[in-house]
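Coordinate analysis (summary)
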Amino acid sequence: MTTLTTAPPPTASPPLAPAPAPPQAARPPRRWGDLALRLVAGLVLLYLFIPILLIVLFSFNDPEGRFNLTWQGFTLDNWLDPFRYEQLTEALVTSLKVAALSTAISAVLGTLVAVALVRSRFRGSGAIDTFLVVPLTAPEVVLGASLLTLFIDLEWARGFGTIVVVHVMFEISFVALTVKARLRGFDWTLEDAAMDLGASPTRTFLRITLPLIVPGIVAAAMLSFALSLDDFIITYFNSGSTVTYPLYVNAATRTGLPPQINVLATAILLVSLLLLGASVLWQRRRPAST
Amino acid sequence: MAGTATSSRRRNPVAPYAMVLPALVYLGIFFLVPLWSLLRTSLSRNGGSVFLPTLEFDWAWSNYGDAFSDYRDQIVRSFGYALAATLICLVLAYPLAYVIAFKAGRWRNVVLGLVILPFFVTFLVRTLAWRIILSDDGWVVSVFDAVGLLPDEGRLLSTSWAVVGGLVYNFLPFMVLPLYVSLEKVDPRLMEAAADLYSSTWRGFRKVVLPLTMPGVLAGSLLVFIPSSGDFVNAQYLGGTQTTMIGNVIERQFLVVHDYPTAAALSFVLMAIILVATLAYTRALGTEDLV
Amino acid sequence: MPDRPKRLVVPSRRVPDLSRRRFLGRGAAGMAAASILGPGFLAACGGDDDESTEEGGGGAEQNENALRVSNWPFYISETFVADFEEASGLSVDYREDFNDNEEWFARVRESLEANQDIGADLVIPTDFMVGRLIGLEWLEELDDANIPNKGNLREDLLASTIDDGRRYSLPYMSGMVGLAYNRAATGRDITSVEDLWDPAFAGRVTLFSDAQDGLGMIMLANGDDPADGDIEAIQRAADVVAEQRDAGQIRRFTGNDYADDLAAGNVVVAQAYSGDIVQLAADNPDLAFVVPEGGGTTFVDSMIIPITTRNKAGAEAWMDYVYDKANYAQLISYIQYVPVLSDITEELEAIDPESAANPLINPPSDILDRLSTFPAFDDEEDAAIAALYADVTAE
């Protein structure tokens, strides 16, 4: 940032200053509209959390049997012994690792594809565009089984590695589509300007383009992470003896889901909330950036 | 498209190919190869024993015909549910994405995170929670009943409403995020201009903001519609006896009946229909290429 | 049960490679992919796999000090594994990853066919699956000399139509398939399959989506015995279900997930497993379980050793440990299903008198007499049965 030694520049007036004194009638509807909008948004967000609230509540439940389905009474016991079921905790940790790793990989691969497709029209880009959608359309059962056949033929042991591999496979399309939505309408001449000023294409990409599309990548990464955490059937076929969280929970329905599942879920939610909140505070300290 | 400033500069022609190559190779190995094997299975007949099938490749196109005619009801039903879910998601997600993009300020990442957070609790746990909330004797059902909104069966669970509701709930973030991503890019000054130019905010929205966010609408719609069509878990846990989707049929044919050719053929029928629908939708929205 | 000729079709050992279906064969794509991203690349990433298939083929690498067990979740008492490790000196990798019989089969089928490790030395599937595995010759024959406690097994389970003399499997736990109901909601006691069709319960009844569990009691109500293995009788039962489904009597077809509907009162009569009701009734005393008048079926989950095992002796040691009456009583006390060992009442009373007195855990002989099971079916019959019931449940 260059510091000016001369007098500070005159404050720029907003480019589209509203015409002086618009008719008063135009104002109130906008305000009400604004309020209604926020209300609807809030309700939708609340809707997303309705079952979560129940899950948190039931983490304090005190059932006699192994099913946690009806409210029996309040207890802190579950919270005092959250890691009681070793396999459950292990499965959760495994899932988090798989999600983090696969998201990292698919974010890179997917973003590269998205940028390449939007930025320039090259031979085959149309076909690739269409092709990216196809993995989304394939039913999980058969895809999972076919992947297993592939691994067996290649004699790859099924386990953590293969789980990550298959997760990346279905995440790439999600990432690409999401980032492309961000890239539509991107002003590529910005890159030209940077390169005119002497920056190499790579540097341009990393310093100019990438920061501007980061919201898209972050959103895509969040989607991938969520997808990975929740995937069941493709993972099931290709996990060998590694147990992920959804695999464990699904199997547990036969004999009952203990409150510890609720406890761990709530704990993860709390930790995530704290991290999100912390990121906001951290952002505050940095100088204001777009 | 408005606002697209394409690069006029001559760039390294190899660059785009180099950038797409990793993903393409990856998908080539881990998607196309299994898909090819699936295709061959779909055109085979089940010889040998059921559990150790010697699938004899036979150009058995009849597998496709049979699959389509036997399960036409389920196919139609699946797309009906998926379409309903997509539309509902769009209506619900847009306001939320809008508020996150323009009204949330520095909290936007937090709210975005909140949208994803429910996924940290696995599908089954969320769904079982919904089953407790929507139980026949619960107050939700009572409210619906009082308002006269209950489906024919007189309950919410084990109906098609519950299945669509489940699809909406589970895929909502997939609509919110692309919409947000697309909205966030819209210059707020454009919206002010629209507000000034048009007598009602709704028209301003429809004429200015919505077209600008079409890529987001398209991406979100695809990310909801496509997986919903092939979904089977929602129907399994929230559905009744008349709500079977094509995903359930495929799963059953594959796992229980061990009829791999039919399962494979059905899969391709599903995929083909989705692709056609997707292409039509994209064309209708007026974007040049797929997204 | 009467002596029946075995009806297992035993396919000859498959000739590897040539006759199996292959997509491109181990052809260009496979080789290319393998060379680009060999197994080593991903083995480096992974931490948890203990399987390596570099050796592939028949001679599985043996590991005498470790045992890998694959079981259903919450199907073992909390200190059992640790106690076994201490007693045997083996280190046990106990995994609760057994989710569903057919899903598990779909997952391991090709591995077993190719003689590749499946990640477990001992697995506990349900008996119908055991029958199938025996027919496919994918199980190790048990060495009785290593399992002296085998004598503790119930007589009726020893002479099994699935595995006569239990040469390839040993039962682990059994349970009854019957009807669960909410006494407060029904207003009366439920006693027979006919009660499922009571119009007063329209839309509040659930049946199993699994063919054997769902149709067994209905066949018995029709006067047919599942043990005869008569497909026409199965079809008759399926027709009854289809009729009731069309009439709107059945709310849905369930897997293991009927418990919450029952607990919430959405369903008043459900086909259920005995052990679940023991758990549910603890929280809701209105819930009861009954084996229908016409009869019900049992399921048995059995321990098997796949041919790709790396520690057969260790697996047998586990089986022997399970069959010790005192140890087994521990299992019963926690799992609360029906024991497969004969007469452990004494040991059970010593640690858990309540369970010993519970007829769902320790059923009296008149109930046991009403229970039947299906025989082993050959693969075509199995598929036919699955298909005919799938048509009913998958409308």
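Remember, predicted model here, so these are calculated numbers, not experimental data.

This brings us to the overall build of chain A. Within chain A, the secondary structure is distributed over 11 helices and zero strands. When the elements of chain A are put in sequence order from the N terminus, they spell out α-α-α-α-α-α-α-α-α-α-α. Considering only intrachain contacts with a sequence separation of at least 6, the fraction spanning at least 24 residues in chain A is 79%.

Here the focus is the overall build of chain B. Along chain B, the regular secondary structure elements total 13 helices and two strands. With the C-alpha coordinates of chain B rotated into their principal frame, the extents come out at 70 × 65 × 30 Å. By the burial criterion, 55% of the 291 residues in chain B qualify as buried.

The next subject is the confidence of the model for chain B. Residue and element names in this part refer to chain B. Taken as a whole, chain B shows an average pLDDT of 86; of its residues, 94% reach a score of 70 or greater. Ranking the helices and strands of chain B by mean pLDDT puts helix α3 (residues 72–103) first, with 94, and strand β2 (residues 53–57) last, with 74. Predicted as a complex, the structure gets a pTM of 0.82 and an ipTM equal to 0.86.

We now examine the interface of chain A and chain B. Counting residues at the interface gives 90 residues for chain A, matched by 95 residues for chain B. Among the elements that line the side of chain A that touches chain B, the one with the most residues is helix α1 (residues 27–58) of chain A, at 16 residues. Tallied by class, residues from the side of chain A that touches chain B come to 61 nonpolar, 18 polar and 11 charged.

Another aspect to go through is the domain arrangement of chain B. Residues and elements named next belong to chain B. Examined at the domain level, chain B breaks down into domain 1 (15–60) and domain 2 (72–285). With 12 residues of domain 1 at the interface, the matching set in domain 2 holds eight residues. Among the secondary structure elements, those contributing two or more residues to the side of domain 1 that touches domain 2 are α1 (14–42), β1 (44–48) and β2. Here the element with the most residues in the side of domain 1 that touches domain 2 is α1; it accounts for four residues. Tallied by class, the residues present in the side of domain 1 that touches domain 2 amount to seven nonpolar, four polar and one charged.

This part is about the interface of chain C and chain B. One frequent convention defines the size of an interface as the accessible area lost when the parts assemble. The partner chain B presents 33 residues to the 36 residues of chain C that form the contact. Counting residues per element, the ones that place at least two in the side of chain C that touches chain B are α1 (28–36), α4 (101–113), β6 (250–254), α10 (259–264) and α17 (379–393) of chain C. In terms of residue count, the dominant contributor to the side of chain C that touches chain B is α17 of chain C (seven residues). Of the residues assigned to the side of chain C that touches chain B, the class counts are 15 nonpolar, four polar and 17 charged.

Attention shifts here to the pairing of strand β5 (residues 205–208) of chain C. Residue and element names in this part refer to chain C. Taking every second residue as pointing to the same face, both faces of β5 are buried, with V205 and L207 on one and T206 and F208 on the other. By the bridge criterion, four bridges tie β5 to β6 in an arrangement that is parallel. For T206, the partnering residue across the bridge sits in β6 and is R252. Both β5 and strand β7 (residues 269–273) contribute to a ladder of two bridges, which runs parallel. The partner of V205 across the bridge, within β7, is V269.

Let us look at helix α10 (residues 245–252) of chain A. Across the eight residues of α10 of chain A, eight count as buried, placing the element largely inside the fold. Where α10 of chain A is concerned, the buried positions are Y245, P246, L247, Y248, V249, N250, A251 and A252 of chain A.

Our focus in this paragraph is the packing of helix α9 (residues 231–246) of chain C against α17 of chain C. Working note: a packed helix pair is described by the angle between its axes plus the distance between those axes. Residues and elements named next belong to chain C. Running from amino to carboxyl end, α9 crosses α17 at an angle of 15°, the nearest separation of the two axes being 9 Å. Between α9 and α17, the angle is such that the two are roughly parallel. Note that α9 runs across α17; the crossing there is right-handed. Here α9 contributes I231, I234, Q235, A238, V241, A242 and R245 to the contact with α17, which in turn contributes E381, A384, I385, L388, Y389 and V392.

What follows covers the nonpolar core. All names here are of chain B. Counting 292 residues, the largest nonpolar core has A97 and Y180 as the members making the most contacts within it. With 17 residues, the top contributor of residues to this core is helix α7 (residues 160–183). Setting aside residues up to four positions removed in sequence, A97 forms contacts with V176, L179, Y180 and L183.

Another point: the packing of helix α8 (residues 201–230) of chain A against α7 of chain B. Taken N-terminus to C-terminus, the directions of α8 of chain A and α7 of chain B make an angle of 170°; their axes are 9 Å apart at the nearest point. Between α8 of chain A and α7 of chain B, the crossing angle belongs to the class labelled roughly antiparallel. Across the interface between the two elements, P215, G216, A219, M222, L223 and A226 of chain A of α8 of chain A pack against P173, F174, L177, Y180 and V181 of chain B of α7 of chain B. Class assignment of the residues belonging to the contact of α8 of chain A with α7 of chain B gives a composition of 10 nonpolar, one polar and no charged.

A separate point is the confidence of the model for chain A. Regions with low pLDDT carry predicted coordinates that are not meant to be interpreted in detail. All names here are of chain A. Here chain A shows a mean pLDDT of 82. Residues at 70 or above account for 88%. Below pLDDT 50 for its whole length, residues 1–15 participates in one contact with residues either more than four positions away or in separate chains. Across residues 21–27, confidence stays below pLDDT 50; counting only partners more than four residues off in sequence or on other chains, it has zero contacts.

Phi at H258 of chain B takes a positive value of approximately 55°, unusual for a residue other than glycine. One can find H258 of chain B in the loop between α12 (246–255) and α13 (260–285). Within the chain, F74 of chain C stands out as a residue other than glycine whose phi angle is a positive 55°. Tracing the backbone shows F74 of chain C in the loop between β1 (66–70) and α3 (80–88).

Here we come to helix α5 (residues 140–154) of chain A. Residue and element names in this part refer to chain A. For α5, which comprises 15 residues, the first-to-last C-alpha distance of 21 Å matches the rise-based estimate of 21 Å (1.5 Å per residue) to within 8%. Among the 15 residues in α5, 13 count as buried, and that is most of the element. Remark: E155 follows α5 within two positions and exhibits a positive phi of approximately 55°.

Below, the discussion takes up the environment of T127 of chain B. Residue and element names in this part refer to chain B. Relative to the helices and strands, T127 is located in helix α5 (residues 123–133). The class of T127 is buried, set by 21 C-beta atoms lying within 10 Å. Excluding anything up to four places from it in sequence, T127 contacts G166, Y237 and L238.

What counts and what doesn't
- Residues numbered from 1 in each chain as written.
- Chains lettered and ligands numbered in written order.
- Predicted model: local features only at pLDDT ≥ 70, side-chain atom pairs only at ≥ 80, totals over all residues.
- Helix = DSSP H or I, 4+ residues; strand = E, 2+ residues; numbered from the N terminus.
- Contact = placed C-beta atoms within 7 Å.
- Buried ≥ 20, exposed ≤ 12 C-beta atoms within 10 Å, placed from the backbone.
- pLDDT = per-residue confidence, 0-100.
- Nonpolar A, V, L, I, M, F, W, Y, C, P; charged D, E, K, R; others polar.
- Domains from an automatic or database assignment.
- Pairing = 2+ DSSP bridges.
- Axes fitted to C-alpha atoms, helices over the stretch in contact; angles between N-to-C directions.
- Parallel < 35°, antiparallel > 145°, perpendicular 65-115°, else oblique.
- Left-handed = near helix turned anticlockwise from the far one by under 90°.
- Core = buried A, V, L, I, M, F, W, Y, C linked by C-beta atoms within 7 Å.
- Expected span 1.5 Å × (residues − 1).

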